[in-house]
Amino acid sequence: MNSKYVINSKLEVKGKDILIVWNRWYRNLWDELILLWTVKLLLQQNKKVTIVCYDPEWLRGFFVQFIDVRKVSFIPELPKWIRSLFRYIFMYWLKWFIRFLWADTIILWWWEILTEENPWAYWYWRMSIRPFLWKKKLENLFKERNKSDLYIMWWVQIPKNSKKKRQLLSLLKYTTACYLRDFDAVDEIATHIQNCEFFMDTSYFAYEWDKVSLSNEKKIEKSYVVVNLNKNAEKFFDEFVQDIKSYSQRGYRIYYVPVAKGNNVYYQDLQYSQRLEKALWENVDFALLDWEPDFDSFAKVLKWAKKVFSSRLHLYLIASFLGCDTKVYPYQRKILKMQKVIKELL
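> Help me understand helix α7 (residues 130–141), please; the structure alone is not making it clear to me.
Along an α-helix, a turn takes 3.6 residues, which lines up residues three or four apart on a common side. Compared with the 16 Å implied by 1.5 Å per residue over 12 residues, the 17 Å span of α7 between its first and last C-alpha is a close match. Looking only at α7, the buried set comprises Pro 131, Phe 132, Leu 133, Lys 135, Lys 136 and Glu 139. Just downstream of α7 lies Lys 143, where phi reads positive at about 50°.

> Just to check I follow, could you spell out the pattern of salt bridges for this structure?
Opposite charge on two side chains permits them to pair, given that their charged atoms come into close proximity. Under the criterion given, the structure shown has 19 salt bridges. Glu 12 is the salt-bridge partner of Lys 10, the closest N and O atoms lying 3.6 Å from each other. Overall, Lys 10 belongs to the exposed group, its relative accessible area being 55%. When the shortest N-O distance is used, the salt bridge between Lys 337 and Asp 184 registers 3.4 Å. Taken together, the residues span a long stretch of sequence, with Lys 337 in helix α14 (residues 333–345) and Asp 184 in helix α9 (residues 183–189) at a distance of 153 residues. Since its relative accessible area comes to 38%, Asp 184 is described here as partly exposed. Via salt bridges that share partners, Asp 182, Asp 184, Lys 337 and Lys 340 belong to a single interconnected network.

The rules behind these values
Residues numbered from 1 in each chain as written. Predicted model: local features only at pLDDT ≥ 70, side-chain atom pairs only at ≥ 80, totals over all residues. Heavy atoms only, no water. Helix = DSSP H or I, 4+ residues; strand = E, 2+ residues; numbered from the N terminus. Expected span 1.5 Å × (residues − 1). Buried < 20%, exposed > 50% of the residue type's maximum accessible area, 1.4 Å probe, protein only. Salt bridge = Lys/Arg side-chain N within 4 Å of Asp/Glu carboxyl O.

Encoded structure:
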């Protein structure tokens, strides 16, 4: 194990009134699990938690399986374009907008939060907390002692583009601490902010992975593998099919997991289920494995898969936490980075 980095589940966050500003997309399994444990940690510390998200009603409905949602507030994200601005204004916007000014602390996070792999990331995330940044500027102007706090979590890169670099460094000036989950990011950002630490991807803590077993379950009647493919990893399609075909031809059931179910083409994993089924052996035993309605059942099926094939980092991490034999197709650097973390710490 790398002695410099250890798994720590204690999240040090100042303030009592916490506003979590997170990923715009939703119905994306891994993101929800990261958020879930972050919320659990804050509730254990008796924090008042508000989540700013794309679809408050859906998120509340999914979290009912895991936490008492009455202890958490769910509000819409700030508008980014004209259409969303009008929708926001006509839906009691002042009540939600003012939460950014009332909050003691903002936690700003997502995997591709500040990275050049997402060209709009630096602009988008500044817009996501704009009222809070106005508040910080006023606090600095009037030299207030009890200033509000900003925490940045997960993946941050120092951009090569000079304009984006200035945007990032100006944001770091208002940042209390960075909690980043890959080693390279910690080393890079620590040169620009004093409080920068490694913090394990919180999906690791979100569920009792070691307690998933076959107890009180019907004995598995057929061997199977679990798979996922997405738009980003389309270049691996032929390799993916060849890897899975050897199992389908031996009579294994193929469970396809639609990890992401968003509206954007990059978040519509279901589009690949039929394509994969057609590309495999003609008599393939192919079925969907959904995670949304009953996560416990999903985890038990995943746990006992003969092998897991995934292009989504999301499914790779969960399968790794469960101890599954897993192959991942690295379409982005984030997958390689997390493979390194998993190898060194688990």
